[in-house]
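Reading the structure
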Amino acid sequence: MREFVSGTQMKQLDRYTIQEIGIPSLVLMERAARSVYDTMIKERLPLKKVLVLCGSGNNGADGVALARMLHLSNISVDVEILGNPSHFTTEMKQQIEIAKKYQVAFVKNKSLSEYTTIVDAIFGVGLDREVGGGYKEKIKEINQADAKVVAVDIPSGIDSATGKVLGCAVCADWTVSFAYEKLGTVFYEGAEYAGNVRVADIGIVKMPEICFPISTYTFEEKDLKEKLFRRESGNKGTFGKVLLIAGNEMTSGAALLSASSALHTGVGMVKVHTRKENRAILPVQLPEAMYCFYGKKEIKSEALAESLEWADVVGIGPGLGTNKQAEALLEFVLKYSKRPLVIDADGLNLLKSKLDLLEKYEYPVIMTPHLGEFSRLSGLSIKDWKQQPIELTNELAHRYNVTLVCKDARTVIADGGQNVYVNTTGNSGMATAGSGDVLTGILLGLLAQGYAPLDAAVMGVCVHGLAGDEAAKEKGKYAMVAGDLITYTGDVLKKRG
Ligand SMILES: NC(=O)C1=CN([C@@H]2O[C@H](COP(=O)(O)OP(=O)(O)OC[C@H]3O[C@@H](n4cnc5c(N)ncnc54)[C@H](O)[C@@H]3O)[C@@H](O)[C@H]2O)[C@@H](O)CC1
Ligand SMILES: [K+]
């Protein structure tokens, strides 16, 4: 698992390392600059003529130290300082003094066309407002230059907690981040601006639990290998029974995708409770599932109660619709189910009037809202979420005592506890109809096989994204459809299981 921090958290760790542990700031800076230098050499960046652009803070000071190292290695390098000298940090003044003694060249406003590599050391985690004026002009120039661009710690202009572009930002080929990758290059747009990200250990202490109320991780492929477990002696009973309440008269596809995806995740049995209109199609398309059909004016409560008793986990929502009948189904489940529950799509849209029942529900719940659904559930705007994705996801999860899978290009998963997860698998090809239905099926499949709700959620979202990545490799991001995610879910589990 990789851990991420915001700029504020990083500053706390810097401060702790310097003040409490006693490693001098300049020592950390020397290591930071060295790690950028090493990356430039290792990645064979074109070092015929390098320009290091520095701001007035310690990101700029890293830049000056780096320029000195390049200069001492006989690489032709110029330094341009953009910041106001009256704002220089102590370290920046020291670095300039040292560099001058080594005859490092300081330049002003030279054309960028003569440089083969440009180093962006303008702003690091100290960026705290929109970029404007001369900085903005210079960043635009960098982005238009032909040179390769290396960002020090984070591309200048990217908000280190949210990935938002503050006015404008440097578009880098490489970003060398110190100690931890910053959330700003995990979330979009920052993820696109950062290019390849390398994290360098510069000796900052790794004890965020001391400093932070929330720690943020990503669950990755190698974690999946460790977590996945399938007992050879198992049978279809032990691999779990899923009851899926999904699909209205015109939306059998959503039920099909979820049910099929649960089966492809290794679950023992799936029963679908759906509308009569789907009788002709669903059993033909998915004979492996069992079915219970209800008519227009009923929910078949007796059969439903039996199925709720039979199942190990229950899913409700995909393609369910939001009419009175769908509402009655959700109400019935919330009142009478005694199993872990996954609520998705229309289930979430109906939830607003059933929050009292949700609060009384005594079993684990996973909810999978996209940002629109999150907004309706929380009363907050999508813009609010984008400003504080980690905190707001965790707060809502805490408020309803559920595991929340908040779906976006970077899905955030939280259960109101100390650890929040940001998913880093997947791609834009997954923004296609039915992709969420597949995720619901995967989550149900994992839950039914006995994984704890938060584990099932982080594993499921990771698997879903990896399946998307395999689909993109084979079919391309334009052509891939939700059904492909099911096929590749099998491949992902086969390779990592
Ligand atoms: N000893 C340390 O504290 C270490 C710091 N390191 C580096 O230091 C960086 C953080 O340094 P700082 O905290 O000095 O911050 P930065 O160097 O990121 O930037 C802060 C400076 O930029 C100004 N500024 C912020 N937003 C602006 C805007 N939109 N327009 C114009 N000016 C703006 C601030 O007023 C301040 O002068 C890290 O990203 C990392 O690169 C590393 O060397 C590791 C050790
Ligand atoms: K930078």
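Residues numbered from 1 in each chain as written. Chains lettered and ligands numbered in written order. Predicted model: local features only at pLDDT ≥ 70, side-chain atom pairs only at ≥ 80, totals over all residues. Heavy atoms only, no water.

Observations regarding the nonpolar core
- In terms of nonpolar packing, the biggest core is built from 55 residues, with Leu224, Val270 and Ile413 touching the most fellow members.
- It is helix α20 (residues 453-475) that contributes the most residues to this core, 12 residues altogether.
- Other than its neighbours up to four places away in sequence, Val270 contacts Val242, Ala259, Ala262, Leu263, Ala289, Met290 and Trp310.
- In this structure, Leu243, Leu308, Leu329 and Leu396 belong to the second largest nonpolar core, which totals 48 residues. (Core = buried A, V, L, I, M, F, W, Y, C linked by side-chain atoms within 4.5 Å. Buried < 20%, exposed > 50% of the residue type's maximum accessible area, 1.4 Å probe, protein only. Helix = DSSP H or I, 4+ residues; strand = E, 2+ residues; numbered from the N terminus. Contact = heavy atoms within 4.5 Å.)

Examining the site of ligand 1
- The immediate surroundings of ligand 1 are formed by 25 residues, with Ser25, Asn59, Asp62, Gly124 and Asp153 found nearest.
- Contacts to ligand 1 include Ser25, whose side-chain N or O atom sits 2.7 Å from a nitrogen atom.
- The contact in question runs from an oxygen atom of ligand 1 to an N or O atom on the side chain of Ser56, over 3.4 Å.
- The protein chains hide 86% of the 870 Å² of surface that ligand 1 would expose on its own. (Near = heavy atom within 4 Å. Polar contact = N/O pair within 3.5 Å; in protein donor to acceptor, adjacent residues only side chain to side chain. Areas by Shrake-Rupley, 256 points an atom, 1.4 Å probe, with all protein chains shown as cover.)

A closer look at the sheet that holds strand β7 (residues 174-178)
- Strand order in the open sheet formed by 7 strands is β4-β3-β2-β5-β6-β7-β9, and the pairing between neighbours is parallel. Every interior strand has two partners, whereas the edge strands, β4 (105-106) and β9 (196-200), have only one.
- Across 4 bridges, strand β5 (residues 117-121) lies against strand β6 (residues 148-152) in parallel orientation. Among the inter-strand pairings, Thr117 is bridged to a residue of β6, identified as Lys148.
- Along the sheet, helix α2 (residues 25-42) contacts β2 (50-54), β5, β6, β7 and β9; its crossing angle with β7, the most-contacted strand, is approximately 150°.
- Across the face of the sheet, helix α3 (residues 58-72) comes into contact with β2, β3 (77-81), β4, β5, β6 and β7 while running at roughly 160° to β2. (Pairing = 2+ DSSP bridges. Axes fitted to C-alpha atoms, helices over the stretch in contact; angles between N-to-C directions.)

Concerning the packing of helix α10 (residues 252-264) against helix α21 (residues 482-496)
- One can describe the packing of α10 onto α21 by two numbers: an axis separation of 9 Å at closest approach and a directional angle of 10°. Compared by their axis directions, α10 and α21 come out roughly parallel. Listed contacts from α21 to Leu257, Ser260, Ser261 and His264 of α10 are Ala482, Gly483, Ile486, Thr489, Gly490 and Leu493.
- In the contact of α10 with α21, the residues fall into 4 nonpolar, 6 polar and no charged. (Parallel < 35°, antiparallel > 145°, perpendicular 65-115°, else oblique. Nonpolar A, V, L, I, M, F, W, Y, C, P; charged D, E, K, R; others polar.)

Re the layout of surface pockets
- Here the largest pocket defines a volume of roughly 970 Å³.
- Taken together, 36 residues make up the lining of the largest pocket; nearest its centre are Lys11, Gly57, Asn58, Asn59 and Gly126.
- Element by element, the count of residues in the lining of the largest pocket is highest for helix α1 (residues 7-21), at 6 residues.
- The residue inventory of the lining of the largest pocket, partitioned by class, reads 14 nonpolar, 13 polar and 9 charged.
- The computed volume of the second largest pocket comes to approximately 710 Å³.
- Asp408, Ala409, Met430, Ala431 and Ser435 are the residues nearest the centre of the second largest pocket, which is lined by 29 residues in total.
- Class assignment for the residues of the lining of the second largest pocket results in 7 nonpolar, 13 polar and 9 charged. (1 Å grid on protein atoms, 1.4 Å probe; cavity = no way out; pocket = protein on both sides within 12 Å on 5 of 7 lines; lining within 4 Å. Points joined across faces, edges and corners; volume = space filled by probe spheres on them.)

Overview of the domain arrangement of the protein chain
- Taken domain by domain, the protein chain consists of domain 1 (2-210) and domain 2 (221-496).
- Each of domain 1 and domain 2 was reduced to a C-alpha centroid, and the two centroids are 42 Å apart.
- At the interface, 9 residues of domain 1 touch 9 residues of domain 2.
- Counting the surface lost from both domain 1 and domain 2, the interface buries some 810 Å², and carbon and sulfur atoms represent 65% of this.
- The three residues of domain 1 that bury the most area against domain 2 are Thr162, Phe187 and Tyr188, which together make up 52% of that side's buried surface.
- Summed over the shared surface of domain 1 and domain 2, the result is 0 salt bridges.
- Taken together, domain 1 and domain 2 are joined by 1 residue pair in polar contact (both at pLDDT 80 or more).
- At the level of secondary structure, the elements contributing two or more residues to the side of domain 1 that touches domain 2 comprise β1 (2-5) and α6 (183-186).
- For the side of domain 1 that touches domain 2, the residue count by class is 6 nonpolar, 1 polar and 2 charged. (Domains from an automatic or database assignment. Buried area = accessible area lost by both parts, 1.4 Å probe. Salt bridge = Lys/Arg side-chain N within 4 Å of Asp/Glu carboxyl O.)

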